[in-house]
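Structural overview for review
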Number of protein chains: 2
Amino acid sequence: MTGKLYVIGTGPGNPDQMTPEAARAVEASTEFFGYFPYIDRLALRPDQVKVASDNREELNRAQAALQRAAQGVNVCVVSGGDPGVFAMAAAVCEAIDAGPAEWRDLDLVVVPGVTAMLAVAARIGAPLGHDFCAISLSDNLKPWGVIEKRLRMVAEAGLVIALYNPISKARPWQLGTAFEVLRTVLPAETPVIFGRAAGRPDERMLVMPLGEADAARADMATCVIIGSPQTRVIARDGKDDLVYTPRFLAPGAT
Amino acid sequence: MTGKLYVIGTGPGNPDQMTPEAARAVEASTEFFGYFPYIDRLALRPDQVKVASDNREELNRAQAALQRAAQGVNVCVVSGGDPGVFAMAAAVCEAIDAGPAEWRDLDLVVVPGVTAMLAVAARIGAPLGHDFCAISLSDNLKPWGVIEKRLRMVAEAGLVIALYNPISKARPWQLGTAFEVLRTVLPAETPVIFGRAAGRPDERMLVMPLGEADAARADMATCVIIGSPQTRVIARDGKDDLVYTPRFLAPGAT
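Remember, predicted model here, so these are calculated numbers, not experimental data.

Attention now moves to the sheet that holds strand β13 (residues 239–244) of chain A. The three strands are arranged β6-β13-β12 (chain A) in an open sheet whose pairing can be described as mixed. Each edge of the sheet is formed by a strand with only one pairing partner; in this case those strands are β6 (125–126) and β12 (232–236) of chain A. Together, β6, β12 and β13 of chain A form the strand contacts of helix α4 (residues 88–98) of chain B, whose direction differs from that of β13 of chain A by roughly 115°.

Next comes the structure, spelled out in structure tokens:
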């Protein structure tokens, strides 16, 4: 008799943005694996145990969670945002793929959530209103050269770009370099959104043109969205500007 | 005294996947603008009025909603999934951008939701576990040539590709042509996911290699996810296969 393994996303951090499906998975679980700040978003019962760990040990965490589920425990692996976007769902699948055969028999339930770029986009208008991509700037798991190549290609393709993991103490220069690469492809006036902690009390939204985009405005809690040449800004008196990307593309535009 | 204009996403259709924030926006609104099937997901009170319209008249619908909000009505514009992803938030911003000055003074609240690709990805494993993009196959609003170019470039860049609006009565050939384009770039064994109505009673998930991908398996309720060369399939006895894209990229891979 094995337990259930839930892999959930809390959403951006505002409890109002966590789905009832995720809340039910939390209720049904007795052991919680995840990064402290994400687990601490949950109001757990005394009988529910937190097994927190460093955010960089995702594969070990996934293996530990799978072991407990295989022992019959109902386990919940907690990510912020959506668990399938640069988060724990892939780590759990990696662990199953490389792990003992019985892990494939586990009842795995991945519960989707509102990922950061969607919460940031909603606060500022509709910058993701047309074709877009999500790219992690972390070069812990892929070579930086691949990241630069991808940034260049998606910018040339005319996609709006959401950057996850833009900056950290261990990765201080990557975002600035990414802006330099994108300036060689995109107009200097392309809007860049620094969306920090969307929906949380410490939320901070900032819009500046790519030509002046300053990496120092981002931290680990920031999702950076770079517009396409089609992205527009609507100025509003006494209100934040709206940033949106039209659904249509004029013939001739590329 | 103007009303509030909420632009919400219901999520994929399963009420458990709609956020409390969206539910609250529904409670606070008295007039609802949107495509019938999306509005019908909401349990409205007798005093709440549905103003449904054809799904292709998005700009008109946005203008009508803005007019009512400017008249002091609390209005809710309803999209499926997330309102900022190929949905009404961009149409509302387009209408504000081109509309009368007073529309810029309206209290606009965009409420994010779980978009289709996240719900499909969760049901199948973690196919969006690494860099990915979302592209609409609808050539109503952009030239088909741009779509083909984008498909080629994002596939060459190694991104997983989520296709929205893959097929309709009016657009029967585009998805098949998209598969042909992608076959010139990606290995024939690249997993393709046909994710229909994720989380709803009529949900149907289908995985087949790109070499055999058949556009006829998709309908208007389907989100198609095409893996990258890194995407892997885990076979499980008596359970659906898991499809995931590892978080890491081996040096040398591109």
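A few words on the interface of chain A and chain B. In this complex, chain A contributes 74 residues to the contact, which on the side of chain B involves 74 residues. Between chain A and chain B, a total of about 6,400 Å² is buried, with carbon and sulfur atoms accounting for 59% of that surface. Scanning the region where chain A abuts chain B turns up 12 salt bridges. In this structure, the salt-bridge partner of Asp97 of chain A is Arg232 of chain B, at a minimum N-O distance of 2.5 Å. Looking at the side of chain A that touches chain B element by element, the count peaks at seven residues for helix α4 (residues 88–98) of chain A. Pairing analysis gives three bridges linking strand β7 (residues 132–136) of chain A to strand β7 (residues 132–136) of chain B, with the strands arranged antiparallel. Bridged to Ala134 of chain A within β7 of chain B is Phe132 of chain B.

In terms of nonpolar packing, the biggest core is built from 58 residues, with Leu151 and Phe179 of chain A together with Leu151 and Phe179 of chain B touching the most fellow members. Val120 and Cys223 of chain A together with Leu118 and Tyr164 of chain B belong to the second largest nonpolar core, which has 42 residues in total.

Residues and elements named next belong to chain B. Helix α7 (residues 174–183) packs onto helix α6 (residues 144–156) with a crossing angle of 40° between their chain directions and a minimal axis gap of 9 Å. Judged by the sense of rotation from one axis to the other, the crossing of α6 with α7 is right-handed. On α7, the residues that touch Trp144, Glu148, Leu151, Arg152 and Ala155 of α6 are Gln174, Thr177, Ala178, Val181 and Leu182. A breakdown of the residues in the contact of α6 with α7 according to their chemical character gives six nonpolar, two polar and two charged.

Let us now look at the pattern of salt bridges. Tallied over the full model, the rule gives 32 salt bridges over all chains. The salt bridge involving Arg247 of chain B is made with Glu58 of chain A; its shortest N-O contact spans 2.5 Å. You can see Arg247 of chain B sitting in the segment after β13 (239–244) and its partner Glu58 of chain A sitting in helix α3 (residues 58–70), one on each of two chains. By relative accessible area, Arg247 of chain B is classed as buried at 11%. Connected through shared salt-bridge partners, Arg196, Arg200, Asp202 and Asp219 of chain A make up one network.

To continue, consider the side chain of Thr231 of chain B. All names here are of chain B. Structurally, the position occupied by Thr231 is in the loop between β11 (222–226) and β12 (232–236). Within the structure, the side chain of Thr231 is placed 2.8 Å from the backbone nitrogen of Ser228, a separation counted as a polar contact. Within polar-contact distance, the side chain of Thr231 engages the side chain of Thr245 at 2.9 Å. Setting aside chain neighbours within four positions, we find Thr231 in contact with Val160, Pro191, Val243, Tyr244 and Thr245.

In this section: the domain arrangement of chain A. Residues and elements named next belong to chain A. Domain parsing of chain A yields domain 1 (4–114) and domain 2 (117–244). Taking the mean C-alpha position of each, domain 1 and domain 2 sit 28 Å from one another. Contacts between the two partners involve eight residues from domain 1, matched on the other side by 10 residues from domain 2. Summing both sides of the interface, domain 1 and domain 2 together bury roughly 710 Å²; the carbon and sulfur share of this comes to 66%. When the area that domain 1 buries against domain 2 is broken down by residue, the three leading residues are Pro12, Phe86 and Val114, summing to 55%. At the surface where domain 1 touches domain 2, the tally comes to zero salt bridges. The tally of links from domain 1 across to domain 2 stands at two residue pairs in polar contact (both at pLDDT 80 or more).

As a further point, take the relation of the copies chain A and chain B. Each of the two chain copies goes to the other by way of a rotation about an axis and a shift along it. With an RMSD of 0.0 Å, the operation that places chain A on chain B is a rotation of 180° combined with a shift of 0.0 Å along the axis. The two molecules are tied by a two-fold rotation axis, judged by turn and shift. Relative to the rotation axis, the C-alpha of Cys133 of chain A is the closest in chain A, positioned 1.9 Å from it. Taken as a fraction of all interface residues of chain A, those also at the interface in chain B reach 100%, which identifies the copy contact as same-surface.

Right, let's talk about unusual backbone geometry for a bit. The backbone phi angle of Asn165 of chain A is positive, close to 50°, even though this residue is not glycine. Positionally, Asn165 of chain A belongs in the loop between β8 (160–164) and α7 (174–183).

So, how was this worked out
Residues numbered from 1 in each chain as written. Chains lettered and ligands numbered in written order. Predicted model: local features only at pLDDT ≥ 70, side-chain atom pairs only at ≥ 80, totals over all residues. Heavy atoms only, no water. Pairing = 2+ DSSP bridges. Helix = DSSP H or I, 4+ residues; strand = E, 2+ residues; numbered from the N terminus. Contact = heavy atoms within 4.5 Å. Axes fitted to C-alpha atoms, helices over the stretch in contact; angles between N-to-C directions. Buried area = accessible area lost by both parts, 1.4 Å probe. Salt bridge = Lys/Arg side-chain N within 4 Å of Asp/Glu carboxyl O. Core = buried A, V, L, I, M, F, W, Y, C linked by side-chain atoms within 4.5 Å. Buried < 20%, exposed > 50% of the residue type's maximum accessible area, 1.4 Å probe, protein only. Left-handed = near helix turned anticlockwise from the far one by under 90°. Nonpolar A, V, L, I, M, F, W, Y, C, P; charged D, E, K, R; others polar. Polar contact = N/O pair within 3.5 Å; in protein donor to acceptor, adjacent residues only side chain to side chain. Domains from an automatic or database assignment. Least-squares fit on C-alpha atoms with pLDDT ≥ 70 in both.

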